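Topology and contacts: notes
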Amino acid sequence: MRAPLPAGRGPLSRVSPSLAFLVVVAVFATGVLVRGAVGAGLLFLLAAGVATLLAGTWRVLSAGQRAGRALVLALLVGIAFSVL
């Protein structure tokens, strides 16, 4: 088992939160507007990223935080299926 990383030392620590937010919004909007297989693919790619982050932080989240983030993931997957 690996030792936990100190706060602010993870692989995403150098990524600007504003830039990350804008990229997520742009990918989501593009996926919804494009629709079809390409749009759904973008949304599933975004869902895979959310799932990866959720899996990596699962141990340190409270039950409420886990439920909220799992709900966001489920909504994102539902939206991805709806644009097919």
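Residues numbered from 1 in each chain as written. Predicted model: local features only at pLDDT ≥ 70, side-chain atom pairs only at ≥ 80, totals over all residues. Heavy atoms only, no water.

**What to know about the nonpolar core**
Put simply, the rule is: Residues enter a nonpolar core if they are buried and are Ala, Val, Leu, Ile, Met, Phe, Trp, Tyr or Cys, with the set joined through side-chain atoms within 4.5 Å. Under the scheme applied here, a residue whose accessible area is under 20% of the maximum for its type counts as buried, over 50% as exposed, and between as partly exposed, the area being computed with a 1.4 Å probe on protein chains only. Helix and strand assignments follow DSSP, with helices taken as H or I runs no shorter than four residues and strands as E runs no shorter than two, numbered in order from the N terminus. Whether two residues are in contact is decided by their heavy atoms, any of which lying within 4.5 Å being enough.
Counting residues in each nonpolar core, the largest one holds 10 residues, listed as A40, L43, L46, A47, L54, L61, L73, L76, A80 and V83. The set of elements that each furnish at least two residues to this core consists of α2 (36-57) and α3 (63-82). Here this core takes five residues from α2, the largest share from any one element. Excluding residues within four positions of it along the chain, L54 makes contact with L61, R69, A70 and L73.

**Focus on the packing of α2 against α3**
Applied cut-off: Every axis in this analysis is a line fitted to C-alpha atoms, fitted for helices over the stretch in contact. Angles between the N-to-C directions lie between 0 and 180 degrees. Put simply, angles under 35 degrees are roughly parallel, angles over 145 are roughly antiparallel, angles from 65 to 115 are roughly perpendicular, and the rest are oblique. The crossing is said to be left-handed when, going from far helix to near helix, the turn is anticlockwise and less than a right angle, and right-handed when the turn is clockwise. Throughout, the ten residues Ala, Val, Leu, Ile, Met, Phe, Trp, Tyr, Cys and Pro are labelled nonpolar, Asp, Glu, Lys and Arg are labelled charged, and all others, Gly among them, are labelled polar.
At a minimum axis distance of 9 Å, the contact between α2 and α3 shows a crossing angle of 165°. If you check the angle between α2 and α3, you find them roughly antiparallel. Considering how the two elements wind past one another, α2 and α3 form a crossing that is left-handed. Side by side, α2 and α3 meet where A40, L43, F44, L46, A47, V50, A51, L54 and T57 of the first sit next to R69, A70, L73, L76, V77, I79, A80 and F81 of the second. Within the contact of α2 with α3, the residues separate by chemical class into 15 nonpolar, one polar and one charged.

Any link to function would need more than the numbers given here.
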